[in-house]
Amino acid sequence: MHKFLKKDNRMFSSYISDFFDKYDELNKYDTVDGVCEYLYKKLFMVAIRTLIYEMHVYKINGKLCGKNAEERFCSFEKITETAEFKEYIQNKYPVLLTKMNELVSNTCDYVHEIYENFESDKNLLNEKIAVNIDKIENISIGEGDTHNGGKSVAIVYTNIGKIIYKPHSLACDYAFDRLLRWINGNGSKYNLESVKYVKGAKYGWQEYIEYEGKLSNQEAKEYYYKCGQFLGLFYILGSTDLHFENIIVHKNTPFFIDLETLVGIPKYINFSNILETNFIPGIHDNVVYDFDYSGLCGKGNVSSKIKSISIINPRTDEMRIENTESTIRENKNTVYVNGERVKIEDYKNDIIAGFEEMWNLIFSKKEEFIFLIDEIFGDDTLLYRQVLRATQVYSKF
């Protein structure tokens, strides 16, 4: 069994370990426990329906031993470790085996890509993100949406702290940084900051932003003033998808960690509606969400529309899969003042003032701003993403 899977008492760990053992890449580096954690979970979710179904078939046919449900489950788990069972699954479910092998192979290739790009970009990382970055100590993948063959955002643990690896172009970070430098140079009340980054051809690195949401009242006023400024800019650009998972509060500054939808295709009927940004709360018709997911106010909740896959009666021969209500976890967009979550209406004047400043600044220099937009977004080598439907819709397929 793979050394990682020996650490904990995980369901079907021996069966899943066979897929780990085929790939030397998982043993080549000493820093992949986070990758193995991700792989186990992914392989488990791919195989679990089939394994549960087969367990019930064995149960009905009287092939499980034990005095109770727990013992009979353990009996089946031992069966999955046998060569006979593995051959049976391979013959009956060849597509399942292909999918699981591809998952491990693609993940190993991705780990190698991260290490390779880390070594080639080390000087740039030290120059633009943090000094004294020297080696990778661990990698955690599976953060956020998938891109380019199932790759997802990775948290890379280095000798001095965490940085972010993204398996897609950071063209939007480049564009956003250019826009903020122009705005800051043209009289913005506050200096607007963006996430530090290194842009590769089809990938990129970002600094890791720590959540610091406990603010003084003055810091909160500055924070919401800046939010108003950003809202004005996002509205003009037609930005969307600025929901609560894409924003981190860091003292008096909102940091936007995912700007793939910085520029959008105008929806002319709703183009005058700032709610399209998803940055501020609003009532939306015909959406897949039944909770506030806005960047400013979104918070943890329970959703009856979004379903999660849950294992009922785990580690028994009565185990089954059910779709249950999802629990939406708290994110890093929440502001606290004096130990209490702020009420956004207490800072609405700051938001409005920031919005008006951005609006007036851009329109007072409209021709110059349009020239800048043409210069930035006229580069055909830079790619930008369009999200035509909510991510939750795509996740169902």
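All of the points below concern the structure found in this document. (Residues numbered from 1 in each chain as written. Predicted model: local features only at pLDDT ≥ 70, side-chain atom pairs only at ≥ 80, totals over all residues. Heavy atoms only, no water.)

The strand order across the open sheet built from 3 strands is β6-β11-β12, with neighbouring strands paired in mixed fashion. Strands at the two margins of the open sheet, each flanked by one partner only, are β6 (214-215) and β12 (340-341). The pairing of strand β11 (residues 336-337) with β12 spans 2 bridges and is antiparallel. Residue V337 lies in a different strand from β12, and its bridge partner there is E340. (Pairing = 2+ DSSP bridges. Helix = DSSP H or I, 4+ residues; strand = E, 2+ residues; numbered from the N terminus.)

Here the focus is the packing of aromatic side chains. Following the criterion strictly, the structure yields 28 aromatic pairs and no others. Taking the centre distance of 5.4 Å and the plane angle of 55 degrees together, the rings of W182 and F369 count as tilted. Taken together, the residues W182 in helix α7 (residues 171-184) and F369 in helix α10 (residues 366-377) connect sequence positions 187 residues apart. The pair W182 / F369 is uniform in exposure class, with both members buried. (Phe/Tyr/Trp six-rings, centres within 6.5 Å; stacked < 30°, edge-to-face > 60°. Buried < 20%, exposed > 50% of the residue type's maximum accessible area, 1.4 Å probe, protein only.)

On to the side chain of H243, then. As for its position among the elements, H243 is in the loop between α8 (217-237) and β7 (247-250). The exposure class assigned to H243 is buried, which follows from its relative accessible area of 11%. The residues contacting H243, other than those within four sequence positions of it, are N278, Y293, S294 and G295. (Contact = heavy atoms within 4.5 Å.)

Right, let's get into the packing of α8 against helix α9 (residues 348-364). Orientation of α8 relative to α9, taken along the N-to-C sense of each, is 45 degrees, at an axis distance of 6 Å. Looking at the two axes, α8 sits oblique to α9. Viewed along their axes, α8 and α9 form a crossing whose handedness is right-handed. Mapping the contact onto sequence places K221, Y224, Y225, G228, Q229, L231, G232, L233, Y235 and I236 in α8 and D350, I351, A353, G354, F355, E357, M358, W359, I362 and F363 in α9. In terms of residue class, the contact of α8 with α9 is built from 13 nonpolar, 4 polar and 3 charged. (Axes fitted to C-alpha atoms, helices over the stretch in contact; angles between N-to-C directions. Parallel < 35°, antiparallel > 145°, perpendicular 65-115°, else oblique. Left-handed = near helix turned anticlockwise from the far one by under 90°. Nonpolar A, V, L, I, M, F, W, Y, C, P; charged D, E, K, R; others polar.)

Let's shift gears to unusual backbone geometry. One non-glycine residue with positive phi stands out, namely F12, at about 55 degrees. Tracing the chain through its elements places F12 in the segment before α1 (13-21).

So, about the pattern of salt bridges. The final tally for this structure, using the stated rule, is 12 salt bridges. Close ionic contact of D317 with K59 constitutes a salt bridge, the shortest N to O distance being 3.6 Å. Separated by 258 residues along the polypeptide, D317 in the loop between β9 (301-312) and β10 (320-328) and K59 in helix α3 (residues 33-60) bring together distant segments of the chain. Given the relative accessible area of 31%, K59 is considered partly exposed. One salt bridge connects K122 with D134, and the closest N-O pair in it is separated by 3.9 Å. Of this pair, K122 sits in helix α6 (residues 94-128) while D134 sits in the loop between α6 and β1 (136-147); the two residues are 12 residues apart in sequence, bridging distant segments of the chain. (Salt bridge = Lys/Arg side-chain N within 4 Å of Asp/Glu carboxyl O.)

Turning to its location among the elements, C108 is positioned in helix α6. Put simply, C108 and L39 are 69 residues apart on the chain and 9.8 Å apart in space, counted from C-alpha to C-alpha.

What follows covers the packing of α3 against helix α4 (residues 69-79). Two numbers describe how α3 lies on α4: the axes approach to 11 Å, and their chain directions differ by 115 degrees. If you check the angle between α3 and α4, you find them roughly perpendicular. As for the relative orientation of α3 and α4, their crossing is right-handed in sense. Residues L51, E54, M55 and Y58 of α3 form the contact with α4, whose participating residues are F73, F76 and I79. By residue class, the composition of the contact of α3 with α4 is 6 nonpolar, no polar and 1 charged.

The next point concerns the side chain of R178. You can see R178 is positioned in helix α7. With relative accessibility at 18%, the residue R178 sits in the buried group. Excluding its chain neighbours within four sequence positions, the residues that come into contact with R178 are L372, E375 and I376.

Attention now goes to the pairing of β7. Pairing geometry for β7 and strand β8 (residues 253-256), over 4 bridges, is antiparallel. Of the residues in β8, the one forming a bridge with V249 is P254. Remark: 2 residues form the turn of the hairpin made by β7 and β8, two consecutive strands paired antiparallel; K251 in that turn has positive phi of roughly 60 degrees.

Counting 51 residues, the largest nonpolar core has F12, Y15, I114, I139 and W205 as its most contacted members. Those elements giving two or more residues to this core turn out to be α1, α3, α4, α5 (83-92), α6, β1, β2 (151-158) and β3 (161-166). When residues of this core are assigned to their parent elements, the largest contribution, 13 residues, is made by α3. Residues L180, A220, C297 and I376 belong to the second largest nonpolar core, which totals 41 residues. (Core = buried A, V, L, I, M, F, W, Y, C linked by side-chain atoms within 4.5 Å.)

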